[in-house]
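Report on the structure
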Amino acid sequence: MYRYYSKYGKMIMEYDFDSIFEFIDYLDHTPTNLDAWGCEELESMTGSYYFCKTHSLEEAKDFCKYGYHEDFERLVDLKLQLEKYIKASCVKNKQSHFYVGYAPDVKAYLEGNPLSMFHRENPKRNHIDIYYNSGVSWDTSTSSIFNRGAITLCIVEMLEKMGFSVGFHVFSMTEHKNQVHYSKFHLKKNGERLNIQKLYFPLCSPSFFRRLVFRLCEETPDIMHHWTDGYGFPAGDYTIRKMIDLKDDDIVICRPQEMGVKGYNLLDDANAMFDYINDSTSEKVEFEHFKELVK
């Protein structure tokens, strides 16, 4: 679950959680690293509602485990707006007649047609991996966090509807001096369809990072005292690709400012994210199609 190692001249504090419940259980049963944090007031517990969008650490845990609904209608509205412009055609299995198949066509057989079996050709599903860093800087607005998360959820769902197999990897990566804090959260298994309600809180609420991941930092055994200045800085696209050894066509959803997400208008931010993805990866065709239609 936790390991501490060196990579590319950095010391990596890496967590790997199989589920949200494993993550929350770890937070509940691991003490604060007093050697690093001392007895000062901890941001995960004292952060304001304006900054975190929850009133307490316990409230954030409950939302993460049992569901979060605040502003969910905004996500639904975004989905409806994008679906008006994105003409995503679902890839359907094509049925034809062939010598072999999954079921006989009795009529064709009686007519003496040698192609008397129903044959279904399963289309090849191209695979896309998307890596989502929940880490944001202190000056990132809650609306920017929401827009980035909501647009990402829509992107994943649209790609699945278009026939792509999507690997969606949610993590947090922050850095400070020579240390990197890296936490992986397995919220969507390979081959599993996207569950928007399950991912809504981790992606769209600032509390996932500003309360829960902050609390994880406070409990991390090898974290150094300098992290108490502000819980580190969110890793950018370059650092993420290097530390996780990503491929050129893997998509990274990094800090909103790096992607041009401003938090004012969902469709403007969607276009900014499509532009960023096109510029930073080799996965261009589908996202250029999105950009032409989202205006």
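Above this note sits the structure.
Think of each chain on its own: its residues are numbered from 1, step by step along the sequence as written. This being a predicted model, a pLDDT of at least 70 is required before a residue's local features are given, and a value of 80 or more before pairs of side-chain atoms are given or counted; all residues contribute to the totals for chains, interfaces and linings. Excluded from the side-chain calculation are hydrogens and water; included are all heavy atoms of the structure.

To continue, consider unusual backbone geometry. Residues apart from glycine generally show negative phi values, whereas peptide bonds are mostly found in trans. Its identity as a non-glycine residue notwithstanding, Tyr8 has a phi of 50°, on the positive side. Residue position: Tyr8 is located in the loop between β1 (2-7) and β2 (10-17). Residue classification places Tyr8 among the partly exposed residues on the basis of a relative accessible area of 48%. Positive phi, close to 65°, is recorded for Lys53, a residue that is not glycine. Residue classification places Lys53 among the partly exposed residues on the basis of a relative accessible area of 26%. Counting from the N terminus, the helices are DSSP H or I runs at least four residues long and the strands are E runs at least two residues long. Burial classification: accessible surface area is computed with a 1.4 Å probe over protein chains only, and a residue below 20% of its type maximum counts as buried, one above 50% as exposed, and the rest as partly exposed.

Right, let's talk about helix α9 (residues 196-204) for a bit. With 7 of its 9 residues buried, α9 lies for the most part within the structure. Ile196, Leu199, Tyr200, Phe201, Pro202, Leu203 and Cys204 are the residues of α9 that are buried. At the N-terminal boundary of α9, the capping side chain belongs to Asn195, with an oxygen 3.2 Å from the backbone nitrogen of Gln197. Pairing of N or O atoms within 3.5 Å defines a polar contact, subject to two protein rules: one partner must be a possible hydrogen donor and the other a possible acceptor, and residues neighboring in sequence count only if both atoms are side-chain atoms.

Moving on: the pattern of salt bridges. The term salt bridge refers to a side-chain nitrogen of Lys or Arg lying within 4 Å of a carboxyl oxygen of Asp or Glu. Taken as a whole, this structure holds 15 salt bridges when the rule is applied. The closest approach of N and O atoms between Asp16 and Lys184, which form a salt bridge, is 3.5 Å. Of this pair, Asp16 sits in strand β2 while Lys184 sits in strand β8 (residues 179-185), and the two are 168 residues apart along the sequence. For Asp16, a relative accessible area of 26% puts it in the partly exposed group. Using a relative accessible area of 22% as the deciding quantity, one classes Lys184 as partly exposed. Its salt-bridge partner being Glu160, residue Lys188 comes within 3.3 Å of it at the nearest N-O pair. With Lys188 in the loop between β8 and α9 and Glu160 in helix α8 (residues 142-161), this pair connects stretches of sequence that are 28 residues apart. Among the charged side chains, a salt-bridge network with shared partners connects Arg3, Glu14, Asp16 and Lys184.

The subject of this paragraph is the pairing of β1. When β1 meets β2, the two strands line up antiparallel, connected through 6 bridges. Each bridged residue has a counterpart across the sheet, and for Arg3 the counterpart in β2 is Glu14. Strand pairing requires that DSSP identify at least two bridges connecting the strands. The loop that links β1 with its antiparallel partner β2 comprises 2 residues; one of these, Tyr8, has a positive phi angle of about 50°.

Here a cavity denotes a set of grid points, spaced 1 Å apart and computed over the protein atoms alone, in which a 1.4 Å probe fits but from which it cannot get out, and a pocket denotes an open set meeting protein on both sides within 12 Å along at least five of seven lines; residues with an atom within 4 Å of a point are reported as lining. Grid points are joined across faces, edges and corners, and a volume is the space filled by probe spheres set on the points. Per the counting criterion, the structure on display carries 1 cavity of 30 Å³ or more. The computed volume of the largest cavity comes to approximately 40 Å³. Forming the boundary of the largest cavity are Tyr132, Ser134, Val136, Ile145, Arg148, Pro202, Leu203, Ser205, Pro206, Phe208 and Phe209. Those elements that provide at least two residues to the lining of the largest cavity are α8, α9 and α10 (207-219). Each residue gets one label: Ala, Val, Leu, Ile, Met, Phe, Trp, Tyr, Cys and Pro are nonpolar, Asp, Glu, Lys and Arg are charged, and the others, such as Gly, are polar. Here the residues of the lining of the largest cavity sort into 8 nonpolar, 2 polar and 1 charged.

The next subject is the pairing of strand β7 (residues 165-176). The element β7 is largely enclosed, with a buried count of 10 among its 12 residues. By the bridge criterion, 7 bridges tie strand β6 (residues 127-133) to β7 in an arrangement that is parallel. Along β7, the bridge assignment pairs Tyr132 with Val170. One ladder, built from 7 bridges, connects β7 with β8; its direction is antiparallel. In the strand pairing of β8, His176 is matched with Gln179. Turn length for the β7-β8 hairpin, with the two strands adjacent in sequence and antiparallel, is 2 residues, and the turn residue Lys177 shows positive phi of about 55°. Looking at chain direction, β7 and strand β9 (residues 233-234) are connected through 2 bridges and run antiparallel.

Let us now look at the packing of α8 against helix α13 (residues 266-280). In contact at an axis separation of 10 Å, α8 and α13 are set at 65° when each is read in the N-to-C sense. If you check the angle between α8 and α13, you find them roughly perpendicular. The way α8 lies across α13 gives a crossing that is right-handed. On the side of α8, the interface is formed by Asn147, Arg148, Ile151, Thr152 and Ile155, while α13 contributes Leu266, Asp269, Ala270, Met273, Phe274 and Ile277. For the contact of α8 with α13, the residue count by class is 7 nonpolar, 2 polar and 2 charged. Only the contacting stretch of a helix is used when fitting its axis, a line to C-alpha atoms as for every element, and angles between N-to-C directions run 0 to 180 degrees. Oblique is the label for any angle not under 35 degrees, not over 145, and not in the 65 to 115 range, which are roughly parallel, roughly antiparallel and roughly perpendicular in turn. Left-handed describes a crossing in which the near helix is turned anticlockwise from the far one by less than a right angle; the clockwise case is right-handed. Contacts between residues were defined by any pair of non-hydrogen atoms, one from each residue, lying within 4.5 Å.

This part is about helix α1 (residues 20-29). Listed as buried for α1 are Ile20, Phe23, Ile24, Tyr26 and Leu27. Buried residues along α1 cover an arc of 155° about the axis, so they all sit on one side. Turned more than 90 degrees away from the buried face of α1 sit Phe21 and His29, all of them exposed. Among the structural elements, β2, α5 (57-66), β8 and α10 are those in contact with the buried residues of α1. The arc in question is formed by the directions pointing from the helix axis toward the C-beta atoms.

Attention shifts here to the layout of surface pockets. Regions of empty space are outlined by a rolling probe, equal in size to a water molecule, passed over the atoms. Of the voids in this model, the largest pocket is the one considered here, and its volume is about 280 Å³. If you go around the largest pocket, you meet 16 residues; those closest to its centre are His169, Val170, Lys184, Phe185 and His186. Listing elements by their share of the lining of the largest pocket, those giving two or more residues are β7 and β8. Ranked by residue count, the leading element in the lining of the largest pocket is β7, at 5 residues. Across the lining of the largest pocket, the residue classes break down as 8 nonpolar, 4 polar and 4 charged.

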